[in-house]
Amino acid sequence: MISFRSHVVSLVAVFLALAIGVVLGAGPLQRDEAAVGAGDTDAEALAAADQRIAELQRGRSFNDAFARATADELVGDSLRRRAVTVVTLPGADPDQVTRAVALVQRAGGTLAARVELTDKLVDVANRKLVEELTDQLLSSEDQPLPGGQASSGYVRVGQLLGFVLTTSKDKGAPPARGAAPVLASLTTAGLVSVTGQVQRRGSLVLVVAGEPTGTADQRQGAGDIVTAVARSLDEASDGVVVAGPLASGAKDGVLGALRASPTAQLVSTVDVSELGAGAILSVLALRAQADGDTLQLGSSSSADGAFPGAK
């Protein structure tokens, strides 16, 4: 016999998936473009557009309110005894980061460290700086990583960040010996910014992205850089989730680039971080990573659908 809790969670999952679809224009609020035809006046077309915007805003308000009301039931204590490192990318919305961190903690997880990758790091124009710095760090007598140098400076940055920020121990671990000078070098070079102090390494990593910016070459470069760093972080930890707004899932966004690469087989993504459900999906994706699973969640372009088990 199905329990009441299981019944509620199943219903919540269905309605949450529907809510995401409605807000993204995939549900009953979608308006046929032919509704604003050649015979409409400019005033009628403007009124129809205003109505459409109002409908979408109401739909999003419902989604956010519904997500807030059901978040605890959905995530439960799924991250209990787990330490999570949060990495933000340039342009990440601070409110989205705050919501995600709060829900990680409500799910029983602890915030191990919070670090920002700067514009300087994800700008491909600074490739030479990254190559030279990582060469220097990995060629020193106290170099922290076994196995010598990797093929790419951005892979090496990811490895160094993995050494400083992550561990495979569920509860996290104190900073590794030799981590402080590595982090100091990265921050002094302007590639990384740290919020507070790194007093603990996390076993899971949540990366929060922003919308694509810059020229086509800059967007492509940023996508390739983030993909390389995310893969290295995944190899050093129990799993990585990259969450960003819908626009980041486009071909020229960092999630779009990651999903189009082999790294998508290892790293989970969520492309609706601007919605109330985004933080919920991020926590569920982190739990899946802890269990050895990889999920691509969010919009209709996400391989695994709006919600775990939706497809």
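Before reading further, recall that the structure is shown in the block above.
Residues numbered from 1 in each chain as written. Predicted model: local features only at pLDDT ≥ 70, side-chain atom pairs only at ≥ 80, totals over all residues. Heavy atoms only, no water.

Engineer: Explain the pattern of salt bridges to me, please; I cannot follow it from the model alone.
Structural biologist: A pair can form between side chains of opposite charge whenever their charged atoms are brought close. According to the stated counting rule, one finds nine salt bridges in the structure shown. Between Arg82 and Asp238 there is a salt bridge, with the nearest N and O atoms lying 2.8 Å from each other. With Arg82 in the loop between helix 2 (42-75) and strand 1 (83-88) and Asp238 in the loop between helix 8 (216-236) and strand 5 (240-243), the pair connects residues that are 156 residues apart, well separated along the chain. A relative accessible area of 7% places Arg82 in the buried class. (Salt bridge = Lys/Arg side-chain N within 4 Å of Asp/Glu carboxyl O. Helix = DSSP H or I, 4+ residues; strand = E, 2+ residues; numbered from the N terminus. Buried < 20%, exposed > 50% of the residue type's maximum accessible area, 1.4 Å probe, protein only.)

Engineer: I tried to follow the packing of helix 3 (residues 94-106) against helix 10 (residues 276-290) on my own but got confused; where do I start?
Structural biologist: Viewed as axis vectors pointing N to C, helix 3 and helix 10 meet at an angle of 50°, and their least axial separation amounts to 9 Å. Classed by the angle they form, the pair helix 3 and helix 10 counts as oblique. You can see that helix 3 and helix 10 cross each other, and the crossing is right-handed. Residue-level inspection shows Arg99, Ala100, Leu103 and Val104 of helix 3 in contact with helix 10, the latter providing Ala279, Ile280, Val283 and Leu286. For the contact of helix 3 with helix 10, the residue count by class is seven nonpolar, no polar and one charged. (Axes fitted to C-alpha atoms, helices over the stretch in contact; angles between N-to-C directions. Parallel < 35°, antiparallel > 145°, perpendicular 65-115°, else oblique. Left-handed = near helix turned anticlockwise from the far one by under 90°. Contact = heavy atoms within 4.5 Å. Nonpolar A, V, L, I, M, F, W, Y, C, P; charged D, E, K, R; others polar.)

Engineer: Looking at this structure, how should I read the side chain of Thr134?
Structural biologist: With respect to the helices, strands and loops of the structure, Thr134 is situated in helix 5 (residues 127-139). For Thr134, a relative accessible area of 1% gives the class buried. In terms of polar contacts, Thr134 uses its side chain to reach the side chain of Arg156, at 2.9 Å. (Polar contact = N/O pair within 3.5 Å; in protein donor to acceptor, adjacent residues only side chain to side chain.)

Engineer: Please clarify how the side chain of Ser237 should be interpreted in this entry.
Structural biologist: With respect to the secondary-structure elements, Ser237 resides in the loop between helix 8 and strand 5. Of note is the side chain of Ser237, whose polar atom sits 3.2 Å from the backbone nitrogen of Gly239. Aside from chain neighbours lying at most four places away, what touches Ser237 is Thr166, Thr167, Ser203 and Val205.

Engineer: Please explain the nonpolar core as it appears in this structure.
Structural biologist: One finds Leu117, Leu161, Leu165, Leu186, Leu191, Val192 and Val242 to be the most contacted residues of the largest nonpolar core, which totals 44 residues. When neighbours within four sequence positions are excluded, Leu191 is seen to be in contact with Glu116, Leu117, Thr118, Lys120, Leu121, Leu129, Val130, Leu133 and Leu186. (Core = buried A, V, L, I, M, F, W, Y, C linked by side-chain atoms within 4.5 Å.)

Engineer: What am I meant to see in helix 8 here?
Structural biologist: Within an α-helix, residues lying three or four positions from one another point in the same direction, as the helix has 3.6 residues per turn. A rise of 1.5 Å per residue sets the reference length of helix 8, with its 21 residues, at 30 Å; its end C-alpha atoms lie 31 Å apart and thus fit the reference within 8%. Where helix 8 is concerned, the buried positions are Gly221, Ala222, Gly223, Ile225, Val226, Thr227, Ala228, Val229, Ala230, Ser232, Leu233 and Asp234. (Expected span 1.5 Å × (residues − 1).)

Engineer: Which parts of the structure should I look at to understand helix 10?
Structural biologist: Among the 15 residues of helix 10, 14 are classified as buried, and the element is accordingly described as predominantly covered. Downstream of helix 10 by a residue or two, Gly292 has a phi angle that is positive, lying close to 90°.

Engineer: Honestly, the packing of helix 6 (residues 153-165) against helix 7 (residues 179-188) in this entry has me stumped. Any pointers?
Structural biologist: A packed helix pair is summarised by two numbers, namely the angle formed by the two axes and the spacing between the axes. At their nearest, the axes of helix 6 and helix 7 sit 9 Å apart, and the two run at 135° to each other. For the element pair helix 6 / helix 7, the angle class is oblique. Every pair of crossing elements has a handedness; the one defined by helix 6 and helix 7 is left-handed. For the pair helix 6 and helix 7, the contacting residues are Leu160, Leu161, Phe163 and Val164 in the first and Ala179, Val182, Leu183 and Leu186 in the second. For the contact of helix 6 with helix 7, the per-class residue count stands at eight nonpolar, no polar and no charged.

Engineer: Honestly, the pairing of strand 2 (residues 110-117) in this entry has me stumped. Any pointers?
Structural biologist: On a regular strand, each side chain points to the face opposite its neighbour's, so the side chains alternate between the two faces of the sheet. Of the strand pairs in this sheet, strand 1 and strand 2 are connected by six bridges, and their pairing is parallel. Paired with Val87 across the strands is Val115, a residue of strand 2. In the classification by handedness, the crossover that spans strand 1, the intervening helix 3 and the parallel strand 2 is right-handed. (Pairing = 2+ DSSP bridges. Right-handed = clockwise from strand over helix to strand, strands pointing away.)

Engineer: Can you walk me through a positive patch on the surface in this structure?
Structural biologist: Among the surface-exposed residues, Arg81, Lys169, Lys171 and Arg200 lie close enough to one another that they form a single positively charged patch. Its place among the elements puts Arg81 in the loop between helix 2 and strand 1. A residue is classified by how much of its surface remains accessible, and Arg81, at 48% relative accessible area, is partly exposed. (Patch = residues over 30% accessible without salt bridge, like charges linked within 9 Å, V, L, I, M, F, W, Y side chains within 5 Å. Areas by Shrake-Rupley, 256 points an atom, 1.4 Å probe, with all protein chains shown as cover. Lys, Arg positive; Asp, Glu negative; His and termini not counted. Charge placed at Lys NZ, Arg CZ, Asp CG, Glu CD.)

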